[in-house]
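# Chains, contacts and geometry: an overview
Here is what each chain is made of, one letter per residue.
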Amino acid sequence: MSVLFTSISPNNPVKREDAASLLRNLDLSIDQEDEEDYHTLLAAVHDCAETVANLPDYQPVPDLDRYPRQNVHRPSLEEQVFGQAWAHKFLIKGNPEGGLLAGKTISVKDCIAVAGVPQLLGSDIIPSWTPITDATVVTRVLDAGADIHGTSTCENYCHSTASFTSAQGTVENPFATGYSAGGSTSGGAALVAAGLVDITLGGDQGGSIRVPSAFCGCVGLKPTYGLVPFSGIASGDAIDDHTGPLARNVIDVASCLDAIAGYDGIDDRCLGSPKHGSTSFARSLQTEATRLDGFRIGVLKEGFEHTAVDPAVKESVMAAVQKFTELGATVEEVSIPDHYHGPAIWTIQQRVSGSLTLLGQAHGRRGLYMTEMERERLPWTKEGFQRAFPATKNVIINGLYLTSRFPDLYGKSVNIGRRLRDLYEDLLQKYDVVVMPTTPVVAPRHGARGLPVESLKPSMGLTINTAIFDVTGHPAMTIPVGYAPAKDDPQVKLPVGMQIVGGLWQESKVLKAGYAWETNYDWKKVVSR
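No experiment lies behind these values; they were computed from the predicted model shown.

The next thing to look at is the domain arrangement of the protein chain. Interfaces are frequently sized by the accessible area removed from exposure as the parts join. Structurally, the protein chain comprises domain 1 (1-55) and domain 2 (69-525). Each of domain 1 and domain 2 was reduced to a C-alpha centroid, and the two centroids are 43 Å apart.

In the segment running from Gly 183 into Ser 184, the intervening peptide bond is cis, with an omega of 10°. The residue Ser 184 is located in the loop between strand 6 (176-180) and helix 4 (186-193) in this model. The backbone phi angle of Cys 158 is positive, close to 60°, even though this residue is not glycine. Along the chain, Cys 158 falls in the loop between strand 4 (147-152) and strand 5 (172-173). Assessed through its relative accessible area of 14%, Cys 158 is described here as buried.

This part is about the pattern of salt bridges. Tallied over the entire structure, the rule returns 22 salt bridges. Across the pair Asp 432 and Lys 509 runs a salt bridge, and its minimum N-O distance is 3.2 Å. Highlighted residues: Asp 432 in the loop between helix 14 (409-430) and strand 12 (433-437) and Lys 509 in helix 17 (residues 507-520), separated in sequence by 77 residues. Connected through salt bridges with shared partners, the residues Arg 16, Glu 35 and Glu 36 form a single ionic network.

Moving on, we get to helix 13 (residues 390-405). Helix length check: helix 13, at 16 residues, gives a terminal C-alpha distance of 22 Å against a target of 22 Å (1.5 Å per residue), a fit within 8%. Turning to helix 13, its buried residues are Pro 390, Ala 391, Thr 392, Lys 393, Val 395, Ile 396, Gly 399 and Leu 402.

Membership of the largest hydrophobic core comes to 113 residues, with the highest contact counts inside it found for Phe 324 and Met 498. Among the elements that line this core, the one with the most residues is helix 6 (residues 250-260), at eight residues. Aside from chain neighbours lying at most four places away, what touches Phe 324 is Leu 292, Ile 297, Ala 329, Val 331, Val 435, Met 498, Ala 513 and Trp 517. Grouped together as the second largest cluster of nonpolar side chains are 13 residues, Ala 85, Ala 189, Leu 191 and Ile 209 included.

Turning our attention to the packing of aromatic side chains. Throughout the structure, instances matching the rule amount to eight aromatic pairs. Taken together, the aromatic side chains of Phe 175, Tyr 483 and Trp 523 make up a single cluster linked through ring pairs. Over the ring of Tyr 431 we find Arg 296; its NZ or CZ atom is 4.9 Å from the centre of that ring. Above the plane of the ring of Phe 385 lies Lys 393, whose end atom (NZ or CZ) is 5.6 Å from the centre.

Criteria and cut-off values
Just so you know, the residues in each chain are numbered from 1, in the order the chain's sequence is written. Only residues with pLDDT of at least 70 are given local features in this predicted model, and only at 80 or more are side-chain atom pairs given and counted; all residues enter the totals for whole chains, interfaces and linings. Calculated side-chain values reflect all of the structure's heavy atoms, with hydrogen atoms and water omitted. Here the bounds of each domain stem from an automatic or database domain assignment. Helix and strand definitions follow DSSP, with helices as H or I runs of at least four residues and strands as E runs of at least two, each counted in order from the N terminus. The classification of residues rests on relative accessible area computed with a 1.4 Å probe and restricted to protein chains. Under 20% of the type maximum is buried, over 50% is exposed, and intermediate values are partly exposed. Salt bridges are counted wherever a side-chain nitrogen of Lys or Arg sits within 4 Å of a carboxyl oxygen of Asp or Glu. Helix span, as expected, comes to 1.5 Å for every residue beyond the first. Note on terminology: a nonpolar core comprises buried Ala, Val, Leu, Ile, Met, Phe, Trp, Tyr and Cys residues joined through side-chain atoms within 4.5 Å. Residues are treated as being in contact if the distance between any of their heavy atoms lies within 4.5 Å. By convention, a stacked pair of Phe, Tyr or Trp rings (six-membered ring in the case of Trp) has centres within 6.5 Å and planes under 30 degrees apart, an edge-to-face pair has planes over 60 apart, and any other such pair is tilted. Sitting over a ring, as applied to charges here, requires NZ of Lys or CZ of Arg to be within 6 Å of the ring centre and within 35 degrees of the ring normal.

Structure below.
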């Protein structure tokens, strides 16, 4: 469909040679006799763009009278904990009439919009930018009665599962200084583990809720793709975007999920989700028996047998799995050989789509676009790119390479990702949940900023069992099940996470399995070798 125009604005800046110049970057050209017409058409679309640019934006208006932001500030050294766990401190009091989360304290990952609170995104590529709206999940936890005490540090542009990459500083593991808190929801996991907040709202595109939860001894849930709106959250790859809660126990995770789940009228990821307020995950857990009689649990062979899985982690998770039999469940080994392809499929999707997002070329979704962030972030400058963490630079480089050399590969990775989804769905028709180690190792020591490979090495391999479920969209939750020794020091004991995966929209089964385990066993008293 053509752009409609009657005349070109006299101040239109488009030059006759601009159309040809744009195509020259792609090694393409237009016929000379067509140049004048394409100049006219390009000038017309510029005028169209100017018209849209001058229209008022349309973002949800937060209720600042009901939920005022109090004392927003960057924390002082005295206020900081676990290195740099807080991004900004403030207080927003929740619904005084109470609700599902009455009395709960919350931190919000610093990629989730809170109106009036500068967002750092763990980066110094650009100065912090200040959202004008609240993410849907922020509004919903406030409506549910929770108090938000601040934004918690996220890793640099959410591009790492380590906790030393934030431009604001390193986040320390609450169980051992010098060790990773995981990422990219690093600060929130540390705050939750230490009891400084009850719940953190995190983001997960490859394991960014589950990895830090596992490293810090928390419960972390990546819900089914689209169950919780992503509106107002910085996106990586729109088909991998998930948001969900981290807490110290399954009940708090379930209660938070009840508060935030359901379509918000904005995010097209959520078109198939239930009506907001219609779920009862927490109430079901509290009214059902904590046994698992008749429950069928599959133990994923490939999740345990990958060469990257530390024997001590394997032993700890396998011991935890066997306890399910004491609760009445049937436990059997299952196999999906294509599980091993998950990291490669995820990598192609994330690099291509992630690079387009970083370059301002993400499109094709109906949702909330944070236009003020894009104005601050784009276009990239040489100075900004040089300040970027190597993981971010790598996403851009990889994405440009893949789109130029393998033009069909993104589409093929999406197709194969659907095949992986179907394989799991078939298996989860026979089993209620499937279990495996969340991470192949316990928290490693912090890395250091240096050459690219050196900087990225501490994160490599950590998502072999998590990223695949961002591709398939299945609900996946990690719970702490014991300790294992640090790789470099057997005297240091660090938490081990067990990942519980359910069928699409089957959060109730995932929560039920996790709740039964944690109710009957104290993970902190499990003897480690």
